[in-house]
Amino acid sequence: MRAPGAGSVSVASLVLLWLLGLPWTWSAAAALGVYVGGGGWRFLRIVCKTARRDLFGLSVLIRVRLELRRHQRACHTIPRIFQVVARRQPERLALVDAASGASWTFAQLDAYSNAVANLFHQLGFVPAVAEVSGQLGKSLLKFCSGDLGPEGVLPDTQLLDPLLKEASTAPLAQPPCKGMDDRLFYIYTSGTTGLPKAAIVVHSRFYRMVAFSHHAYSMRPADVLYDCLPLYHSAGNIIGVGQCLVYGLTVVLRKKFSASRFWDDCVQHNCTVVQYIGEICRYLLRQPVREAEGRHRVRLAVGNGLRPAIWEEFAERFGVRHIGEFYGATECNCSIANVDGKVGSCGFSSRILPHVYPIRLVKVNEDTMELLRDAQGLCIPCQAGEPGLLVGQINQQDPLRRFDGYISESATSKKIAHSVFQKGDSAYLSGDVLVMDELGYMYFRDRSGDTFRWRGENVSTTEVEGVLSRLLGQTDVAVYGVAVPGVEGRAGMAAIADPHGQLSPDALYQELQKVLAPYARPIFLRLLPQVDTTGTFKIQKTRLQHEGFDPRQTADRLFFLDLKQGHYLPLDQGVYTRICSGAFAL
């Protein structure tokens, strides 16, 4: 960080020396000397180290903005953009089913989607009704398609495929629309720390997410992308399949992620880009070494949730040259991307041009996640090394900074704060705690509510989970804080997958003493057959936190760290009572 006032002093010196009649080169040299001497050398160091990264990021930002502006002016939509792509390369493979080998060319995919549109338009039917069919009138038409499973066709339901053979495959005449600002669909958030919410995805948001990932990671027209993520989630649907719809890449789909088939699929279909999310990379590292690992052509892995503890191990073992980690959410306006492979980072914020993309880390009370404000009522920016809540300034007229929110207005309002960057503005609250280093690289720390305070220290559950998982051979681990009667803060508890009952708590404690500070070592252990995950491979903690360390709430094996004896005790009803009464020192 440059010294306060160094810049203004150097400019003043430059003007003074020029007025005295000295050559401008001498004046500039003298001003530079004053600037550096006043502490400006720190800023110059940051410029030298980050200029290339920041300029590339700026070029991506400008490119996405120009593309969006062109489509907005033409009143384009995602379907219209796809039609142009399909006409340009009708015979190229668009989608491939990794399991069956079935494939669709762009021409076939375009014709099929046109048939669906024409049929449903003719019937006056487009809303999705499967989940609420029991509440709907009998006169409403219902259809089914694809793999029907063992139950077959449901009552009052028609097979769609025979009807589509008779439907027109010509493009459907488009009614007057709102263009890129119109609603495209809804995506439910994964609900890791609460109930899922239906996020609104407009056409410009879909395009923005696809375009940023495409340009930030220098994807190529000839790339083949492997997508084994659920398509009800934005990573698999938008960032994955979106590359096919917007930029014409071939996308290989696998209905369900398979760690044992992952690299075989990549070899078979000549994939050059793969997607990951949540714990997928850790699951792949748990697999035995197989021959396909050395024969694939994958150069880029794009996703989020790759733990820093296994980052380099993943890249080295599987020979993936570029890890494209990013931070983002379906609804957020403050997505960031790691464009230069900085290990552990999920993106960056420019220290040179901070106002080009107005995002910021702001200070919060980490117990309540309440925003902290200065004397003027504005949020307090974090300095390098200080954890803070990531926020993005909202501008509804800018497709890169708008926040469309959720179907629920109350859920939308909870994600907006006012007077954050300046008086009267609005900003999106990500709900996630990150930390930024001196060069502007950002590192994910925790979701809101995951960080907990113990013995006067803030404990990062993400960090402790990574350490425990590595010690236990990439086992599933969930770490969270639990309240103990009469004790300040929250004690750490780790739920560990131990399906065969082989884990030794005392052996684990011996290892934890070497790698974790005393305050970060879990006070309670819960050994269970498996740790719950969401459909997007994120650890689910809500139920575990609710049940706490009460042995009446579960049949899983529980243990308590007796600090006096220096080992874990089995936690039964008697030990639980003594803990709650204060008989054990925590």
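Report follows, based on the coordinates. Computed from a prediction, not measured in an experiment: that's the story for all the values here.

Analysis parameters
Residues numbered from 1 in each chain as written. Predicted model: local features only at pLDDT ≥ 70, side-chain atom pairs only at ≥ 80, totals over all residues. Heavy atoms only, no water. Helix = DSSP H or I, 4+ residues; strand = E, 2+ residues; numbered from the N terminus. Buried < 20%, exposed > 50% of the residue type's maximum accessible area, 1.4 Å probe, protein only. Contact = heavy atoms within 4.5 Å. Areas by Shrake-Rupley, 256 points an atom, 1.4 Å probe, with all protein chains shown as cover. Arc of directions from axis to C-beta. Pairing = 2+ DSSP bridges. Axes fitted to C-alpha atoms, helices over the stretch in contact; angles between N-to-C directions. Core = buried A, V, L, I, M, F, W, Y, C linked by side-chain atoms within 4.5 Å. Parallel < 35°, antiparallel > 145°, perpendicular 65-115°, else oblique. Left-handed = near helix turned anticlockwise from the far one by under 90°. Nonpolar A, V, L, I, M, F, W, Y, C, P; charged D, E, K, R; others polar. Phe/Tyr/Trp six-rings, centres within 6.5 Å; stacked < 30°, edge-to-face > 60°. Lys NZ or Arg CZ within 6 Å of the ring centre and 35° of its normal. Disulfide = S-S within 2.5 Å. Salt bridge = Lys/Arg side-chain N within 4 Å of Asp/Glu carboxyl O. Polar contact = N/O pair within 3.5 Å; in protein donor to acceptor, adjacent residues only side chain to side chain.

What follows is about the overall build of the chain. The helix and strand tally for the chain stands at 15 helices and 27 strands. The burial tally for the chain puts 50% of its 586 residues in the buried class. Taking the contacts inside the chain whose residues are at least 6 apart along the sequence as the reference set, 66% of them involve residues at least 24 apart. About 28,100 Å² of surface is accessible on the chain, with carbon and sulfur atoms providing 55% of the total.

A few words on helix α13 (residues 505-515). Since the α-helix advances by 3.6 residues per turn, residues separated by three or four positions end up pointing in the same direction. Buried residues of α13: Pro505, Leu508, Tyr509 and Leu512, and no others. Angular distribution of buried residues about the axis of α13 spans 100°; they occupy a single face of the element. Of the surrounding elements, those touching the buried residues of α13 are α12 (461-471), β24 (491-497), β25 (524-528), β26 (557-562) and β27 (567-570).

For Cys75, which is not a glycine, the phi torsion comes out positive at approximately 55°. Here Cys75 shows up in the loop between α2 (24-73) and α3 (78-88). Judged by its relative accessible area of 34%, Cys75 is partly exposed. With phi around 50°, Ser218 is a residue other than glycine that occupies positive phi space.

As a further point, take the sheet that holds β24. If you trace the five strands from one edge of the open sheet to the other, you get β23-β24-β25-β26-β27, paired in mixed fashion. Each edge of the open sheet is held by one strand with a lone partner, namely β23 (477-482) and β27. Averaged over neighbouring strand pairs, the angle between their axes works out to 25° when direction is ignored. Across the sheet, α13 is in contact with β24, β25, β26 and β27; its angle to β27 comes to roughly 150°.

On to the nonpolar core. When a protein is soluble and globular, its nonpolar side chains tend to lie buried together. Formed by 65 residues in total, the largest nonpolar core has its most connected members in Tyr207, Ile336, Leu390, Leu434 and Met442. Tallying contributions element by element places helix α6 (residues 203-216) first for this core, with seven residues. Setting aside residues no more than four positions away along its own chain, Leu390 makes contact with Tyr327, Cys334, Ile359, Arg360, Leu361, Tyr428, Leu429, Ser430, Asp432, Leu434 and Met442. Of all hydrophobic cores here, the second largest spans 45 residues; its members include Val464, Val482, Ile496 and Ala497.

Below, the discussion takes up the packing of α12 against α13. Running from N to C, α12 and α13 point in directions that differ by 130°, and their axes come no closer than 11 Å. Overall, the two elements α12 and α13 adopt an arrangement that is oblique. Of the two elements, α12 crosses α13, and the hand of that crossing is right-handed. Contacts between α12 and α13 involve Val467, Leu468 and Leu471 from the former and Leu508, Glu511, Leu512 and Val515 from the latter. When the residues that make up the contact of α12 with α13 are grouped by side-chain class, the tally is six nonpolar, no polar and one charged.

A few words on the packing of α3 against helix α4 (residues 106-123). For the pair α3 and α4, the least separation of the axes is 8 Å and the interaxial angle reads 140°. Like other packed secondary-structure pairs, α3 and α4 cross with a definite hand, here left-handed. Contacts from Phe82, Gln83, Val85 and Ala86 of α3 reach α4 at Phe106, Leu109, Asp110, Ser113 and Asn114. Along the lines of polarity and charge, the residues of the contact of α3 with α4 split into five nonpolar, three polar and one charged.

Attention now moves to the sheet that holds strand β7 (residues 224-227). Strands sit in the order β2-β1-β8-β7-β9-β10-β11-β12 across an open sheet of eight strands; the sheet is mixed. With partners counted over all chains shown, the strands left at the sheet margins are β2 (103-105) and β12 (336-337), one partner each. Bridge count for strand β9 (residues 273-277) against strand β10 (residues 300-304) is five bridges, and the pairing is parallel. What sits directly across from Tyr276, in β10, is Gly303.

A few words on the packing of aromatic side chains. Within the structure shown, the criterion is met by 17 aromatic pairs. Ring centres of Tyr509 and Tyr568 lie 5.8 Å apart, and the angle between their planes is 85°; on these two criteria the pair is classed as edge-to-face. Taken as a pair, Tyr509 in helix α13 and Tyr568 in strand β27 lie far apart in primary sequence, 59 residues in all. Here a set of aromatic residues connected by ring pairs shows up, and it is made of Tyr226, Phe257, Phe262, Trp263, Tyr283, Phe314 and Phe318. Here Arg53 stacks its cationic end above the ring of Tyr441, 4.5 Å away from the centre of that ring.

Along the chain, Ile310 turns up in helix α10 (residues 308-318). For Ile310, a relative accessible area of 4% translates into the label buried. Taking C-alpha positions, Ile310 is 9.9 Å from Ser469, a pair spaced 159 residues apart along the chain. Not counting residues up to four positions away in its chain, the partners in contact with Ile310 are Cys281, Arg282, Leu285 and Gln474.

Let's shift gears to the state of the cysteines. For the structure shown, the criterion picks out zero disulfides. Here Cys271 stays free of any disulfide, with the sulfur of Cys266 as its closest cysteine sulfur at 4.7 Å. Judged by relative accessible area, which is 0%, Cys271 ranks as buried.

On to the pattern of salt bridges, then. All told, the structure shown has 26 salt bridges when counted by the stated rule. For Arg526, the salt bridge goes to Glu547, with nearest N and O atoms at 2.8 Å. Taken together, the residues span a long stretch of sequence, with Arg526 in strand β25 and Glu547 in helix α14 (residues 542-547) at a distance of 21 residues. Neither residue differs from the other here; Arg526 and Glu547 are each classed as buried. Through salt bridges that share partners, Glu279, Arg282, Arg286, Arg307, Glu465, Asp476 and Lys541 make up one connected network.

Considering the arrangement of structural elements, one finds Ser419 in the loop between β18 (416-418) and β19 (426-436). There is a polar contact of 3.0 Å between the side chain of Ser419 and the backbone nitrogen of Gly424. Beyond its immediate sequence surroundings of up to four residues, Ser419 is in contact with Arg373, Gly377, Leu378, Cys379, Gly424 and Asp425.

A word on the environment of Gly440. Residue placement: Gly440 occurs in the loop between β19 and β20 (441-447). Judged by relative accessible area, Gly440 falls into the buried class, the value being 0%. Between the C-alpha atoms of Gly440 and Pro354, which are 86 residues apart in sequence, the distance is 9.6 Å. Apart from residues lying up to four places away in sequence, Gly440 is in contact with Arg53, Gly347, Phe348, Ser349 and Arg351.

Any functional reading would require information that these geometric values do not contain.
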